[in-house]
Amino acid sequence: MEQFADLHVHTNLSDGSDSVHEVLALTARNNVEFLSVTDHNTVAAYTEDTFREADRLGVKLIPGVELDVIHERKQYHMLGFGVDVKDKCLLDICAHNADMQEGYNLELLRRMELDSLGVAEADYNGYEIPGGRGGWRLLNYLMDIGLTGSLLEGLKYYGQYGFKTNTIKFISLKEAIETVRGAGGVPILAHPGEQIPYDQYGGDNAGFWSELEGILQAGIEGVECIHPLHGFGLQRELLALCRERGLYISGGTDYHGSFFSKQKQVIGGQFVSLDSVSKLINHIID
């Protein structure tokens, strides 16, 4: 029987709606053998209890993280697999990125408060995301005070106030690559088809491949080829590129639970066969 992996899953320790316990239960229920929880800028999911529960359920965990990085004045997402989750440098850059993200959100909130939009920094400081919802803390706050009707609707305020993620002082791509390698891991570019403009209908994609090449030249060791926002054409081309160059192939659902309905998946729903990611997994577990 064919076996499957899901190497891109989020929990409520970043912006997913499901707890680590719920994610593990879904992984086992869907007969996914290898799982990587890749929460944004945190490895908090990887506790001794998590590993014990995974063993009990027959799920093989690949320690992972998804880092926000800046390269050539643009923000990207980079996955790190097989990392030592206690590595100090890794923990430091995760904390830095999380602080920068929350500071960015807080600055937007302050601008909105000055414009009397009904938000209050004092209230926000004590606000906690309701269980089972997921998403960014600020988006949840805006919805719960009635300023938006949905989580994603709150994203409009970033555009209205001229807030751009490439201005956040996240770590550089080079620093992220060096840190992940130093923690014993493999740096992988996440979902390039979402981060770099690509015409799924056969247009001129020279710019896509040029931008991707620049990222690969920075030292990235592989690409997340299989992703719900990649068309089959792009997936096929990325797989061919990785095989030709000997790069690691990764794939997953980018599962967020009830958050991000446009890519709402079940864990394992991208049908990432172990054969397709065996080079990466074997490198990590050897």
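It should be emphasised that the depicted structure is a prediction, and the values quoted were computed from it without experimental measurement. Residues take numbers from 1 onward in each chain, read along the sequence in its written order. Local features in a predicted model are, by the rule used here, given only for residues with pLDDT of at least 70; side-chain atom pairs are given and counted only at 80 or more, and totals for whole chains, interfaces and linings are based on all residues. Only hydrogens and water are set aside; all other atoms, that is, all heavy atoms of the structure, feed into the side-chain values.

**Regarding the pattern of salt bridges**
1) Next: Just to be clear on terms, a salt bridge is a Lys or Arg side-chain nitrogen sitting within 4 Å of an Asp or Glu carboxyl oxygen. Counted under the stated rule, the structure contains 13 salt bridges.
2) Next: We note a salt bridge from K74 to E211, for which the minimum N-O separation is 2.7 Å. Taken as a pair, K74 in strand β5 (residues 74-81) and E211 in helix α9 (residues 206-217) lie far apart in primary sequence, 137 residues in all.
3) Next: Take E211: its relative accessible area is 24%, and that puts it in the partly exposed class.
4) Next: Linked through salt bridges whose partners overlap, the residues forming this network are E48, D49 and R52. In DSSP terms, a helix is any run of H or I states spanning at least four residues, a strand is any run of E spanning at least two, and both are numbered starting from the N terminus. Each residue is placed in one exposure class: buried if its accessible area under a 1.4 Å probe, protein chains only, is under 20% of its type's maximum, exposed if it is over 50%, and partly exposed if it falls in between.

**Topic: the sheet that holds strand β2 (residues 32-37)**
1) Next: DSSP bridges decide pairing: two strands pair if at least two such bridges lie between them. Spatially, β3-β2-β1-β10 is the arrangement adopted by the four strands of the open sheet, whose pairing is mixed. Every interior strand has two partners, whereas the edge strands, β3 (60-61) and β10 (272-273), have only one.
2) Next: When strand β1 (residues 4-9) meets β10, the two strands line up antiparallel, connected through two bridges. From the neighbouring strand, F4 faces β10, where its bridge partner is S273.
3) Next: Running at roughly 155° to β2, helix α1 (residues 20-29) makes contact with β1, β2 and β3 of the sheet. Residues are treated as being in contact if the distance between any of their heavy atoms lies within 4.5 Å. Working convention: axes come from line fits to C-alpha atoms, limited for helices to the stretch in contact. Angles between N-to-C directions cover 0 to 180 degrees.

**Considering unusual backbone geometry**
1) Next: With phi around 50°, E72 is a residue other than glycine that occupies positive phi space.
2) Next: On the basis of relative accessibility, which here comes to 62%, the residue E72 falls in the exposed class.
3) Next: Here S116, not a glycine, exhibits a phi torsion of approximately 55°, which is positive.
4) Next: One can find S116 in the loop between α3 (88-114) and α4 (121-125).
5) Next: Looking at S116, the relative accessible area reads 65%, which means it is exposed.

**With respect to the sheet that holds strand β4 (residues 64-71)**
Two orientations exist for strands paired in a sheet by backbone hydrogen bonds: parallel and antiparallel.
1) Next: Pairing within the open sheet is mixed, and its six strands lie in the order β6-β4-β5-β7-β8-β9. The open sheet has two edge strands with one neighbour each: β6 (171-172) and β9 (248-251).
2) Next: Relative to β9, strand β8 (residues 222-226) is paired through four bridges, and the arrangement is parallel. Pairing of I226 across the sheet is with G251, part of β9.

**As for the packing of α3 against helix α5 (residues 137-144)**
1) Next: One way to put it is that α3 packs onto α5 with a least axis distance of 10 Å and a crossing angle of 30°. Between α3 and α5, the interaxial angle falls into the category roughly parallel. Across the interface between the two elements, E102, N105, L108, L109 and M112 from α3 touch R137, L138, Y141 and L142 from α5.
2) Next: The residue inventory of the contact of α3 with α5, partitioned by class, reads six nonpolar, one polar and two charged. Angular relationships are summarised with four words: roughly parallel below 35 degrees, roughly antiparallel beyond 145, roughly perpendicular across 65 to 115, and oblique for the angles in between. Here the term charged refers only to Asp, Glu, Lys and Arg, the term nonpolar to Ala, Val, Leu, Ile, Met, Phe, Trp, Tyr, Cys and Pro, and the term polar to all other amino acids, Gly among them.

**A closer look at helix α2 (residues 48-57)**
1) Next: Along α2, the positions that sit buried rather than exposed are T50, E53 and A54. The buried residues of α2 occupy an angular sector of 100° when projected down its axis, which confines them to one face. Seen from the open side of α2, the exposed residues pointing more than 90 degrees away from its buried face are E48, D49, D55 and R56.
2) Next: Along its buried surface, α2 packs onto α1 and β3.
3) Next: Looking at the residues trailing α2, positive phi occurs at G58, about 80°. This arc is taken over the directions from the axis of the helix to the C-beta atoms.

**Observations regarding the layout of surface pockets**
1) Next: Both cavities and pockets are sets of points on a 1 Å grid over the protein atoms alone; in a cavity a 1.4 Å probe fits but cannot get out, in a pocket the set is open with protein on both sides within 12 Å along at least five of seven lines, and lining residues sit with an atom within 4 Å of a point. Grid points are joined across faces, edges and corners, and a volume is the space filled by probe spheres set on the points. For the largest pocket, the calculated volume is near 1200 Å³.
2) Next: Forming the boundary of the largest pocket are 37 residues, of which D15, H40, H77, Q101 and W136 lie nearest the centre.
3) Next: For the lining of the largest pocket, the secondary-structure elements that each account for two or more residues are β4, β5, α3 and α8 (192-195).
4) Next: Classifying every residue of the lining of the largest pocket gives 12 nonpolar, 16 polar and nine charged.

**Points about the packing of α1 against α2**
1) Next: Closest axis-to-axis distance for the α1/α2 pair is 10 Å, and the angle between their directions is 20°. Overall, the two elements α1 and α2 adopt an arrangement that is roughly parallel. Both α1 and α2 take part in a crossing whose hand is right-handed. For the pair α1 and α2, the contacting residues are V20, H21, L24, A25 and A28 in the first and T50, E53, A54 and L57 in the second.
2) Next: Residue classes in the contact of α1 with α2 are distributed as six nonpolar, two polar and one charged. Crossings are classed by handedness, with left-handed meaning an anticlockwise turn of the near helix from the far one by less than a right angle and right-handed meaning a clockwise turn.

Purely geometric stuff here, so don't read any function into it on its own.
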